[in-house]
Every structure is written in C-alpha cells, then in structure tokens.
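Architecture at a glance
As a plain string of letters, each chain reads:
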Amino acid sequence: MTTEIILYDLACTKGVCFSPYVWKVRIMLNLKRIPYKTIFLEFPDIEGSLKPLVPPPTGDNTRYTVPAIQHMPSNTYIMDSAQIAALLEATYPDPPVQLTSERGRTIEEQFGSVVGGSLGAMMMPREMNILVPRAQVHFRQTREAYLGYKLEELLKGPEEEERDWSEVSGQMSALSELMRTNRDDGPFVLGSKLSLTDFFIAGSLQAARVMDEGVFSRVVAYDGFKSVYDACSPYMERKD
Ligand SMILES: N[C@@H](CCC(=O)N[C@@H](CS)C(=O)NCC(=O)O)C(=O)O
C-alpha cells in the first residue's frame, strides 16, 4: 500500500507513541486504515525538523509541536492535532469521527484541570525517565523555565502521592460519571459515536501506561476511563 501520511511523533526510549496529542491522530490513522509511516523526533529536534516544513505556529500555539503530518497525495504539511484531525476527517470520512461536541469540550476541560494539578505534576518526573539524556536536558530546561523551580521538587514520597490521589478522587469520579452519560448507547463519551475526545482520553491513559503502569491502573479503576480506553484499544495496537 502506498504511504499516504508521514506522522511526526515524539520519541521516547521505549520506541512507542506516548504523547496524548499524537495518539489523537494515530488512533484516527489506525481506525481509518490510512497507510502511514512514523518519524520519531526527540524533544530538542522538534523545532529544527518542523520549521522548514510546516507553516509557523499561530494563535494560542507559539511553539513547534508534534503531532505534525505530511499528507503525501497533496504534499501538504500541517501541525496541531485538531487541524490534522480535521484534514483527515475531510479526506478519509469513513468511519466517521465526531471532531467536537459540547460534552467532549466539558470533559476535556475537566480532565485538563485534573491533569493541570497534582496528577500532571506527578507525571513530569516520570516522563524524564523515558527520555534520552539530551531530551532530558531540553525537558528540564523548558519545564523548569515555566515552573520556576527544579523538577526534583515535584518528586513526592508514596504517602504524599497517596494523599494527592485521594484529593482528586471526587473530581475523577465525577468525570468518570460524565463519560458514562451515554452508557446505554455505547462505550464512548457520545455513546456509540466515536469522537476525538475519546481518542484524547485513551491516548492520555496510554501515555500514563508507557510512563508508569501503576498510575494507569489507578485511572482505569474509574469505569468511565476504562470504558473509553477499552473501546479505543483495537485502534491502539499499532504504536509506532
Ligand atoms: N496543541 C498542540 C499541543 C501538542 C503538544 O503540546 N505536543 C508536545 C508533545 S506532547 C510537544 O510537541 N512539545 C514540544 C516541546 O515541549 O518542546 C496539539 O494538540 O497538537
């Protein structure tokens, strides 16, 4: 089969996709059976590799980021998961994926607020562990610049982490319930309809799984998360 898409992904020492944003696109490619090849980029190589290829970041996006794709038939290069998803949906409409929805937006916002707090902080030092040394240097410099303190300060002992998990349990349960609103129609957040929100949630869980199986197990203990992850699993078999 002729390659239709080149997918620029984020490298890690395990040689598999772990970025939730790239997973959004990769699940679409796997689901729609679009022939693609992956180019994994280390963090410090993203800007240098993409700058000559894709239009500069606009609006809220100020950085060069993965995912980016080359759509070979039209020789189009684009960056940003939402824009890529829109191109894929317009070009390969079968099977259909709902790109946006009111419920999806609410879920992504609430998920963002949990991950933006203690859970995200918990993952950052774990992410360092799956990067090659020069990517670790880049990760540390960029993250410490916006955090304003050393990454080591995020490292917590098991008891403190336990406390963080119990602090977010109310939010996680509420989010899980929200994801199961349409449970009678099917396993996805919109019931039987697949949407980009499912792919972002499943991709985020897969990211956690690559970094720390224990964190993954804690999140799939919530029904809503498990339902979406399991339903997307057939489209996550190809990881590279
Ligand atoms: N809004 C972007 C965000 C993508 C994003 O943040 N990607 C991260 C990897 S998970 C990245 O490329 N970061 C580059 C860096 O931190 O230098 C999208 O949805 O595509």
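Residues numbered from 1 in each chain as written. Predicted model: local features only at pLDDT ≥ 70, side-chain atom pairs only at ≥ 80, totals over all residues.

Turning next to the pairing of strand β2 (residues 36-41). As judged from the six bridges shared by strand β1 (residues 5-10) and β2, these two strands associate in the parallel manner. The partner of I5 across the bridge, within β2, is Y36. As for the winding sense of the linkage, the β-α-β connection from β1 through helix α1 (residues 20-31) to β2 is right-handed. (Pairing = 2+ DSSP bridges. Helix = DSSP H or I, 4+ residues; strand = E, 2+ residues; numbered from the N terminus. Right-handed = clockwise from strand over helix to strand, strands pointing away.)

Glancing now at the pairing of strand β4 (residues 76-79). Where a strand is regular, its side chains alternate between the two sheet faces. Sheet analysis places strand β3 (residues 68-71) next to β4, joined by four bridges and oriented antiparallel. Pairing of I69 across the sheet is with I78, part of β4. Where β3 hands over to β4, the hairpin turn is made up of four residues, of which N75 adopts a positive phi near 50°.

This part covers helix α3 (residues 81-91). Since the α-helix advances by 3.6 residues per turn, residues separated by three or four positions end up pointing in the same direction. Here α3 has its buried residues at S81, I84, A85 and L88. All buried residues of α3 lie within an arc of 100° about the axis, which places them on one face of the element. Structurally, α3 contributes buried residues whose contacts are with α1, β3, β4 and α8 (196-211). (Buried ≥ 20, exposed ≤ 12 C-beta atoms within 10 Å, placed from the backbone. Arc of directions from axis to C-beta. Contact = placed C-beta atoms within 7 Å.)

Our focus in this paragraph is the site of the ligand. Close to the ligand lie 14 residues; S19, Y21, T65, D80 and S81 are nearest. Looking at the shell around the ligand residue by residue, the class counts come to seven nonpolar, five polar and two charged. (Near = placed C-beta within 6 Å. Nonpolar A, V, L, I, M, F, W, Y, C, P; charged D, E, K, R; others polar.)

To continue, consider the domain arrangement of the chain. Accessible area lost when the parts come together is the quantity often used to give the size of an interface. Assigned domains within the chain: domain 1 (5-91) and domain 2 (102-236). Listed per partner, the contact involves 17 residues of domain 1 and 20 residues of domain 2. Considering each element in turn, the side of domain 1 that touches domain 2 owes the most residues, seven residues, to α1. When the residues that make up the side of domain 1 that touches domain 2 are grouped by side-chain class, the tally is 11 nonpolar, three polar and three charged. (Domains from an automatic or database assignment.)

Hydrogen bonds between backbone atoms are what pair the strands of a sheet, whose relative direction is either parallel or antiparallel. Read from one edge of the open sheet, four strands run β2-β1-β3-β4, paired in mixed fashion. In this open sheet, the two edge strands, each paired with only one partner strand, are β2 and β4. For this sheet, the mean inter-axis angle between neighbouring strands, taken without regard to orientation, is 20°. Against the sheet, α1 contacts β1 and β2, and its axis sits at roughly 150° relative to β1. (Axes fitted to C-alpha atoms, helices over the stretch in contact; angles between N-to-C directions.)

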